[in-house]
Amino acid sequence: MMETSYQTPPVQTAIQDLKVAIQDSTLIYPSKQTQNKSFFLSNIDQVLDFHVQTVHFFPANADFPPEIVAARLKNALEKVMVPYDFLAGKLTLNHQTGRLEIECNDSSGAGFVVAAAEFSLDEIGDLVYPNPAFMQLIVHALEKFEDQPLCVFQVTSFKCGGFALGISTNHVLFDGMSFKIFLENLASQAFDDDNKPLPITPCNDRRLLAARSPPQLTFPHPELLKLKPPVGEENAPPVFDCKQEDLDFKIFNLSQDEIGRLKEEAKAATKVTGFNVVTAHIWRCKALSCGGCRDRVSTMLYAVDIRGRLEPPLPASYCGNAVLSAYASAKCSALEEEPFSRVVDMVYEGAERMNDEYARSAVDWGEIYKGFPNGEFLISSWWRLGFDEVAYPWGKPRYSCPVVYHRKDIVLLFPEIGGAGSNGVNILVALPAKEMDKFQSLFRKYLP
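Nothing here was measured: the structure is a model prediction, and the numbers come from that model.

A. Region of the structure containing empty space enclosed by the protein. Tallying each qualifying case throughout the model produces three cavities of 30 Å³ or more. Of the voids in this model, the largest cavity is the one considered here, and its volume is about 70 Å³. Forming the walls of the largest cavity are Trp382, Trp383, Leu385, Gly386, Phe387, Asp388, Ser400, Cys401, Pro402, Phe414 and Pro415. Elements supplying a minimum of two residues to the lining of the largest cavity: β16 (399-402) and β17 (410-415). With three residues, the top contributor of residues to the lining of the largest cavity is β16. Class assignment of the residues belonging to the lining of the largest cavity gives a composition of eight nonpolar, two polar and one charged. For the second largest cavity, the calculated volume is near 50 Å³. Considering the residues around the second largest cavity, the lining is formed by Leu127, Val128, Tyr129, Pro130, Tyr399, Cys401, Pro402, Val404, Leu412 and Phe414. Contributing elements (two or more residues each) for the lining of the second largest cavity: β16 and β17. Counting residues per element, the lining of the second largest cavity draws most heavily on β16, at three residues.

Written out as structure tokens, the structure is:
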């Protein structure tokens, strides 16, 4: 058995303070007047009122110094905010319906920040590591504005001429798929062609995911928390309770060869994919690292894109959140004793369960009980989203990654440098020290 690679954060070598100085912060608006309206948000959107941050690192390009990039991006954003008019809107609570809506008007705008760091891109260290200092590459709020924008873009230049594009967006705006399409559209408008059309026209009709009237709950949905808060307090509970505790975190890497060996071990399973075998491997290790009763039931959640699973399917360009939590549950004893192919089948069956009727029932559940995820932990996959495949005038990012918080209940999958084309995956795990030791041991043990 080959020993898999795992690494602790290079605390001593990673720069803890990028010494970022804000040079300018402003609000930007659509380049053309847009219609004032209330923008409907689906039940999936309703429970995602929190910000997601990503950072996209670009090497130096002599033809595009950072000040030119900032001007191009600002202009491109103003253009894409016409079809994406909700980016300039304001999130409000409709007290009559108890639902969140986006008030689209020309007065709110999106944030745009220009900044500079005192280091070169190479000096800040390995981009794969979720360095807390990367938070300096994203502005969460603009202090001089009372109403905070739903999205903020920050261009931070490095001494080498490279730069980072940090983006903070409220999750009600995009899921991973629609954010990738947004980035492709944004990149297209940064080229020196005022008449270049968008490569993909976003579908902004979120009523395609409206609940049925009356709601029809045809499944029990153990993956969703039964919750009916009073009107006006809909967004009080977090997606997961974030308990403050001391956590170790490590990044585990699975190479293409190691994933291939997991696939070979699972060859008797119904559907053997990279995601299914990696997810099954993590589930087994995570569930068994907790110790305790072997009869304990472990429930793992993972996101499934429902665009192509509905009848009729949603447009691939559907803009908004079109992912639901699939689940897999098993006793710890079964995860330990069953063949790996059976564990992979349980992951497959969880996603396969998500057909049109199941998805519609989950959306209807959200109409009655909201729809917060309910499980032991969630696997959040950024592995194949392809943010670093987006081609801007100044080239593709060297690396794109989420800015992450270390959470025991969230395991993050993200690509290696080189993008999804490298076929390996990095796995960020945060656990108390004893559980981490056990997880690490099991991770090696179960790797063929």
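B. Up close: the pairing of strand β8 (residues 151-157). Burial analysis of β8 places seven of its seven residues in the buried class, the great majority of the element. Because side chains alternate across β8, one face comprises the buried residues Cys151, Phe153, Val155 and Ser157, and the other comprises Val152, Gln154 and Thr156, equally buried. Of the pairings in the sheet, the one linking β8 to strand β9 (residues 163-170) comprises seven bridges and is antiparallel in character. Each residue of the ladder has a partner; that of Val152, found in β9, is Ser168. In textbook terms, the turn of a hairpin is the stretch between consecutive antiparallel strands, and for β8 and β9 this stretch comprises five residues, one of which, Gly161, has a positive phi near 100 degrees.

C. Here's a closer look at helix α8 (residues 356-369). Between its terminal C-alpha atoms α8 stretches 20 Å, which fits the 20 Å expected from 14 residues at 1.5 Å a residue. Of all 14 residues in α8, ten are buried, a share of seventy percent or more. Looking at the packing, one finds that the buried side of α8 touches α1 (43-46), β10 (224-225) and β13 (323-331). Where α8 starts, the residue carrying a side-chain oxygen 3.3 Å from the main-chain nitrogen of Glu357 turns out to be Asn355. Positive backbone phi, approximately 65 degrees, marks Lys370, located one or two places after α8.

D. Fine view of the sheet that holds β16. The strand order across the open sheet formed by six strands is β2-β7-β8-β9-β4-β16, and the pairing between neighbours is mixed. The outermost strands of the open sheet, each flanked by one partner alone, are β2 (21-28) and β16. Between one strand and the next, the sheet's axes are offset by a mean angle of 15 degrees, whatever the strand orientation.

E. Structural context of the sheet that holds strand β6 (residues 99-104). If you walk across this open sheet you meet the three strands as β3-β6-β5, and the pairing is antiparallel. Edge positions in the open sheet fall to β3 (37-40) and β5 (90-94), since each of these has one partner strand only. Between one strand and the next, the sheet's axes are offset by a mean angle of 45 degrees, whatever the strand orientation. Where β3 and β6 come together, four bridges link them in antiparallel fashion. Within the sheet, the bridge partner assigned to Ser38 lies in β6 and is Glu103.

F. Up close: unusual backbone geometry. Omega for the bond connecting Ser213 with Pro214 falls within 30 degrees of zero, at 0 degrees, which places this linkage in the cis form. When you line up the elements, Pro214 lands in the loop between α3 (176-189) and β10. Residue Pro312 follows Glu311 across a cis peptide bond; omega there is -5 degrees. With respect to the helices and strands, Pro312 occurs in the loop between β12 (297-305) and β13. Unusually for a residue other than glycine, Lys19 sits at a positive phi of about 50 degrees. Along the chain, Lys19 turns up in the loop between β1 (5-7) and β2. Under the relative-accessibility criterion, Lys19 is labelled partly exposed at 41%. With a phi close to 55 degrees, His221 is a non-glycine residue in the positive phi region. Take His221: it is sitting in the loop between α3 and β10.

G. A look at the packing of aromatic side chains. For the coordinates displayed, the defined rule picks out 24 aromatic pairs. Pairing Phe163 with Trp394 gives two aromatic rings, centres 6.1 Å apart and planes at 70 degrees, and the pair type is edge-to-face. With Phe163 in strand β9 and Trp394 in the loop between β15 (377-381) and β16, this residue pair connects regions lying 231 residues apart in the sequence. The same class applies to Phe163 as to Trp394, namely buried. The structure contains a cluster of three or more aromatic residues connected by ring pairs, namely Phe39, Tyr84, Phe86, Phe153, Phe174, Phe179, Phe182, Trp382 and Phe387. Above the face of the Phe377 ring, Lys286 is positioned so that its terminal group lies 4.9 Å from the ring centre. Stacked on the ring of Trp383, the Lys or Arg Arg384 has its end atom at 4.0 Å from the ring centre.

About the thresholds
- Residues numbered from 1 in each chain as written.
- Predicted model: local features only at pLDDT ≥ 70, side-chain atom pairs only at ≥ 80, totals over all residues.
- Heavy atoms only, no water.
- 1 Å grid on protein atoms, 1.4 Å probe; cavity = no way out; pocket = protein on both sides within 12 Å on 5 of 7 lines; lining within 4 Å.
- Points joined across faces, edges and corners; volume = space filled by probe spheres on them.
- Helix = DSSP H or I, 4+ residues; strand = E, 2+ residues; numbered from the N terminus.
- Nonpolar A, V, L, I, M, F, W, Y, C, P; charged D, E, K, R; others polar.
- Buried < 20%, exposed > 50% of the residue type's maximum accessible area, 1.4 Å probe, protein only.
- Pairing = 2+ DSSP bridges.
- Expected span 1.5 Å × (residues − 1).
- Contact = heavy atoms within 4.5 Å.
- Polar contact = N/O pair within 3.5 Å; in protein donor to acceptor, adjacent residues only side chain to side chain.
- Axes fitted to C-alpha atoms, helices over the stretch in contact; angles between N-to-C directions.
- Phe/Tyr/Trp six-rings, centres within 6.5 Å; stacked < 30°, edge-to-face > 60°.
- Lys NZ or Arg CZ within 6 Å of the ring centre and 35° of its normal.

As far as function goes, none of this settles anything; it's purely spatial.
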